[in-house]
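So the chains spell out like this:
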Amino acid sequence: MSKDKTSHPEMREIPVGIDASGQRQEFDSMGTVDVPADHYWGAQTQRSLIHFSIGNDRMPKEVYHAYGYVKKAAALVNNAAGRLPDWKTQAIVQAAEETINGALDDHFPLYVWQTGSGTQSNMNVNEVIANRASQLLGGELGTQKPVAPNDDVNMGQSSNDSFPSAMHIASVQEIDDHLLPQAKELATALEAKADQWERVVKIGRTHLEDAVPLTVGQEWSGYVAQLRACIEEIAHAREGLLALALGGTAVGTGLNAPKGFSRNIAVQIAGLTGKPFITAPNKFMAQGSLDPMVRAHGALRGLAVALMKIANDMRWLASGPRTGFAELLLPQNEPGSSIMPGKVNPTQCEAIVMIAIQVLGDDSAVAFAGSQGNFELNAMRPVIINNFLHSARILADGMEKFRIFSVTGTKLNQDKITQYVNESLMLVTALSPVIGYQNAAHIAESALANGQTLKESAVASGHVDEKTFDSIVDPLSMIGDGVSGA
């Protein structure tokens, strides 16, 4: 920080005061507002609570934690530029750090359904940090002295460039800290099962009907490949979130931000978060659209689709135990019925399917909101970041529980798998190159109609003898070389 000779009080702790009414007065450009005396927010936050108390959806705390990085970085950059004195910077930085670590979570009460630019959440952060910083400096809450929300905490910024930047920071952190680690662990767990069951032959199914054989390991290798492709797509989409709109201020021209602010604050945020954030090369795109968020959520949609396929396969293959496929034995985690004793259900699979359905719904809203940018601003930001963080969070949590309580403990019902292989009529496919498609088809049709085994029908047809049948119709020889099926 630059050397500053301005006199200032020592930073000190002063509890938030509560008067007899439990209220204090705060002010903004429109006048005074009574706010709860035991909270740090100010007039604009209180106005939002009055005008937008809609539903139970609160702005995710991750957005405010990300905003803490924005405000801390802005204070440091403004200080380095000589625009903010050391003593004031120190107080703002401390309040911002408390915001980042969640110590001030109770002071961020706003609803998702607010102004589409996120201005009220930005001002909520500005007011809380300003009051907290003023308190640390011995000032009186509500006076905006010695630290002001607009002039000091919001210096060089607007909601139009700070809110999308906070969106990107929160999203990248959620992807890196929770979503991708859980997706990778789930892929590893699935791969362990694929390796374990690499040579276990089973009957494949296409169109929900019997098909030619493959191995259980090959089937599960498909799940692994699906999941790893999704991981790659999410990692690719994440790159677009690293570009920050900060420095564009109101419309992208940078008015009221000092020279070099956009680059310097991106460097600061990269250093503070340990993520490779950069300044967006085109601020008009960064503020007039939310395309990177739309693309990133599209990658989450892709993950949801893959997970739904995997979970549905598992619950169908585990259906039974007496009247379903019953090839898989899923862990029995809890009773499945309040009326049917002994019933156990594929609950983890069902949870994944519901999560996937929710993410697909979230994605529709994100895509629609992303299409609503007008001129220099997309004013549908809160719903997009709420849906993104919601989707990422439930996907990550769902994958963790699915891995621990379903995938890891899943076993094979080898007897049932062998029975299906022995009874399958589609093994006749191996005869087709030898006796022709039509003859092979008639053998399968006759076996089904007469209740014969495939071998009995084939020998009765006269097209092959028993020795030839045994040499050709060998399930293990029909699975290809390795998991590729080549």
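As a reminder, the structure under discussion sits directly above these lines.
All values reported here derive from a predicted model rather than from experimental measurement.

**Quick look at the overall build of the protein chain**
Moving on, step 1. A count of helices and strands for the protein chain gives 17 helices and ten strands.
Moving on, step 2. Taking 2.2 N^0.38 as the reference for a compact globule, 486 residues should give roughly 23 Å; the C-alpha atoms of the protein chain span a radius of gyration of 31 Å, well beyond that estimate.
Moving on, step 3. Once the C-alpha set of the protein chain is aligned to its principal axes, its extents read approximately 105 × 50 × 35 Å.
Moving on, step 4. Counting across all 486 residues of the protein chain, residues that qualify as buried make up 52%.
Moving on, step 5. Working note: accessible area of the protein chain is about 22,100 Å², and carbon and sulfur atoms make up 53% of it.
Moving on, step 6. Here the protein chain holds 38 positive side-chain charges and 52 negative ones, and the gap between their average locations is 5 Å.

**Some words on the pairing of strand β3 (residues 201-206)**
Moving on, step 1. In the sheet, β3 pairs with strand β4 (residues 209-215) via five bridges, with the strands oriented antiparallel. Within β4, the residue paired with V201 across the bridge is T215.
Moving on, step 2. Between β3 and β4, which pair antiparallel in sequence order, lie two residues; one of them, H207, sits at a positive phi of approximately 60°.

**A word on helix α1 (residues 43-51)**
Moving on, step 1. Of the positions making up α1, those classed as buried are A43, T45, Q46, R47, S48 and L49.
Moving on, step 2. Against the buried residues of α1 lie β1 (23-28), β2 (31-36) and α4 (119-136).

**Brief notes about the pattern of salt bridges**
Moving on, step 1. The final tally for this structure, using the stated rule, is 20 salt bridges.
Moving on, step 2. K401 is paired through a salt bridge with E400; the nearest N and O atoms lie 3.4 Å apart.
Moving on, step 3. With relative accessibility at 24%, the residue E400 sits in the partly exposed group.

**Topic: the packing of helix α6 (residues 159-196) against helix α10 (residues 291-317)**
Moving on, step 1. The contact between α6 and α10 brings their axes to 13 Å, and the two run at 20°. By the criterion of interaxial angle, the relationship of α6 to α10 is roughly parallel. The way α6 lies across α10 gives a crossing that is left-handed. Contacts between α6 and α10 involve M167, H168, S171, L179, L186 and L190 from the former and P292, M293, L300, L303, L307 and I310 from the latter.
Moving on, step 2. The class makeup of the residues in the contact of α6 with α10 is ten nonpolar, two polar and no charged.

**Description of α6**
Helical periodicity: at 3.6 residues per turn, an α-helix aligns residues three or four positions apart in one direction.
Moving on, step 1. Along its 38 residues, α6 runs 53 Å from first to last C-alpha, staying within 8% of the 56 Å computed at 1.5 Å per residue.
Moving on, step 2. Along α6, the helix axis deviates most sharply at I175, where the bend reaches about 40°.
Moving on, step 3. One side-chain oxygen at the N-terminal end of α6 lies 3.1 Å from the backbone nitrogen of N160; it belongs to S158.

**What to know about the side chain of H297**
Moving on, step 1. For H297, the location among the structural elements is in helix α10.
Moving on, step 2. We classify H297 as buried; its relative accessible area is 0%.
Moving on, step 3. Within the structure, the side chain of H297 is placed 2.9 Å from the side chain of D363, a separation counted as a polar contact.
Moving on, step 4. The residues contacting H297, other than those within four sequence positions of it, are V359, D362, D363, V366, N387, F388 and S391.

**Overview of the packing of aromatic side chains**
Moving on, step 1. According to the stated counting rule, one finds four aromatic pairs in the structure shown.
Moving on, step 2. Here the aromatic cluster, defined as three or more aromatic residues joined through ring pairs, consists of W197, W220 and Y223.
Moving on, step 3. One Lys or Arg, R58, reaches over the ring of Y111 and ends 4.0 Å from the middle of that ring.
Moving on, step 4. Above the plane of the ring of Y420 lies R205, whose end atom (NZ or CZ) is 5.5 Å from the centre.

**Brief notes about the pairing of β1**
Two faces, one strand: in a regular strand the side chains alternate between the faces of the sheet.
Moving on, step 1. What you see with β1 is a clean split: R24, E26 and D28 sit on the buried side and Q23, Q25 and F27 on the side with no burial.
Moving on, step 2. Bridge count for β1 against β2 is six bridges, and the pairing is antiparallel. Across the sheet, the residue bridging to Q23 is P36, located in β2.
Moving on, step 3. Between the antiparallel neighbours β1 and β2 lie two residues.

**Focus on the packing of helix α2 (residues 61-80) against helix α3 (residues 86-100)**
Moving on, step 1. Running from N to C, α2 and α3 point in directions that differ by 165°, and their axes come no closer than 8 Å. Between α2 and α3, the angle falls in the class roughly antiparallel. Like other packed secondary-structure pairs, α2 and α3 cross with a definite hand, here left-handed. For the pair formed by α2 and α3, the contact residues are Y64, H65, G68, Y69, K71, K72, A75, L76 and N79 on the first element and D86, T89, I92, V93, A96, E97, T99 and I100 on the second.
Moving on, step 2. Taken together, the residues of the contact of α2 with α3 break down into eight nonpolar, five polar and four charged.

**Section: the environment of L84**
Moving on, step 1. Along the polypeptide, L84 turns up in the loop between α2 and α3.
Moving on, step 2. In this structure L84 comes out as buried when scored by relative accessible area, which is 3%.
Moving on, step 3. Sequence separation of L84 and V153 is 69 residues, and the distance between their C-alpha atoms is 9.7 Å.
Moving on, step 4. With sequence-adjacent residues up to four places away left out, L84 is seen in contact with A75, N78, N79, T89, I92, D152 and M155.

Each value, and the rule that gives it
- Residues numbered from 1 in each chain as written.
- Predicted model: local features only at pLDDT ≥ 70, side-chain atom pairs only at ≥ 80, totals over all residues.
- Heavy atoms only, no water.
- Helix = DSSP H or I, 4+ residues; strand = E, 2+ residues; numbered from the N terminus.
- Rg over C-alpha atoms; globule rule 2.2 N^0.38 Å.
- Buried < 20%, exposed > 50% of the residue type's maximum accessible area, 1.4 Å probe, protein only.
- Areas by Shrake-Rupley, 256 points an atom, 1.4 Å probe, with all protein chains shown as cover.
- Lys, Arg positive; Asp, Glu negative; His and termini not counted.
- Charge placed at Lys NZ, Arg CZ, Asp CG, Glu CD.
- Pairing = 2+ DSSP bridges.
- Contact = heavy atoms within 4.5 Å.
- Salt bridge = Lys/Arg side-chain N within 4 Å of Asp/Glu carboxyl O.
- Axes fitted to C-alpha atoms, helices over the stretch in contact; angles between N-to-C directions.
- Parallel < 35°, antiparallel > 145°, perpendicular 65-115°, else oblique.
- Left-handed = near helix turned anticlockwise from the far one by under 90°.
- Nonpolar A, V, L, I, M, F, W, Y, C, P; charged D, E, K, R; others polar.
- Expected span 1.5 Å × (residues − 1).
- Bend = angle between axes of the 7 residues up to and from the residue.
- Polar contact = N/O pair within 3.5 Å; in protein donor to acceptor, adjacent residues only side chain to side chain.
- Phe/Tyr/Trp six-rings, centres within 6.5 Å; stacked < 30°, edge-to-face > 60°.
- Lys NZ or Arg CZ within 6 Å of the ring centre and 35° of its normal.

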